[in-house]
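Listed below are the residues making up each chain.
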Amino acid sequence: QVQLVESGGGLVQAGDSLRLSCAASGRTFSSNAMGWFRQAPGKEREFVSAISGSGGRTSYADSVKGLFTISRDNALNTVYLQMNSLKAEDTAVYYCAAALSSNPIHYALRSTYAYWGQGTQVTVSS
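Everything quoted here is computed from the prediction, not taken from an experiment.

Asks: Hey, could you run me through the environment of Tyr94 in this one?
Replies: For Tyr94, the location among the structural elements is in strand β9 (residues 92-99). A sequence separation of 27 residues divides Tyr94 from Leu67, and the C-alpha atoms of the two residues are 16 Å apart. Aside from chain neighbours lying at most four places away, what touches Tyr94 is Glu6, Leu20, Trp36, Phe37, Arg38, Val48, Phe68, Leu81, Met83, Gly119, Thr120 and Val122. At a separation of 2.7 Å, a polar atom in the side chain of Tyr94 contacts the main-chain carbonyl oxygen of Asp90.

Dropping the structure here:
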């Protein structure tokens, strides 16, 4: 099993920035591609960003491209999501997820990810 713990969420004003962290344990971290998803009340969980095990490939939802940046530090078993220029529509619970593959083809598909964290709340006020 892989355990994932998100942190870094909070209440911010529109235009502010936050950096989310996801600490992983339980297996070789570099073998897992990692993803960030978010879910707002009344909405489906949606893909935000993903990164390959080595960090060499990153993917972003169109809605956050150019605004959010995913990164990872395999020495610390941690993946990050830097969120800049936050908007009210970014308000959601953000979840970290670990895939079984280091380089999944379907990086934006929820079923790609076998392990999920508990989520961290991000609230952006306008």
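Asks: Would you mind going over the state of the cysteines with me for this structure?
Replies: Cysteine pairs can be linked by a disulfide, which is a covalent bond between their two sulfur atoms. Per the stated rule, a full pass over the model turns up one disulfide. Here Cys22 engages in a disulfide with Cys96; their sulfurs sit 2.0 Å apart. For the disulfide bridge between Cys22 and Cys96, the dihedral angle about the S-S bond is near -80°, and by the sign convention the bridge is left-handed. Here the residue Cys22 occupies a position in strand β3 (residues 18-25), and Cys96 occupies one in strand β9, the gap between them amounting to 74 residues.

Asks: Please explain unusual backbone geometry as it appears in this structure.
Replies: A positive phi is found at Asn77, a non-glycine position, where the angle reads about 55°. Here Asn77 lies in the loop between β7 (68-73) and β8 (78-83). One non-glycine residue, Ser85, lies in the positive phi region at around 50°. With respect to the secondary-structure elements, Ser85 resides in the loop between β8 and β9.

Calculation criteria
Here the residue numbers are simple positions, counted from 1 along each chain's written sequence. Owing to the predicted nature of the model, reporting of local features is limited to residues with pLDDT of at least 70; listing and counting of side-chain atom pairs is limited to 80 or more, with chain, interface and lining totals taken over all residues. Think of the side-chain values as coming from all heavy atoms in the structure, minus any hydrogens and water. Comment: elements are numbered from the N terminus, with helices defined as DSSP H or I runs of at least four residues and strands as E runs of at least two. Any two residues whose heavy atoms approach within 4.5 Å are treated as being in contact. Contacts described as polar in this section are N or O atom pairs within 3.5 Å, which, within protein, must combine one atom able to donate a hydrogen with one able to accept it, while residues neighboring in sequence count only if both atoms come from side chains. Sulfur atoms of two cysteines make up a disulfide when they are within 2.5 Å.

None of the figures reported here should be taken as evidence of function without further support.
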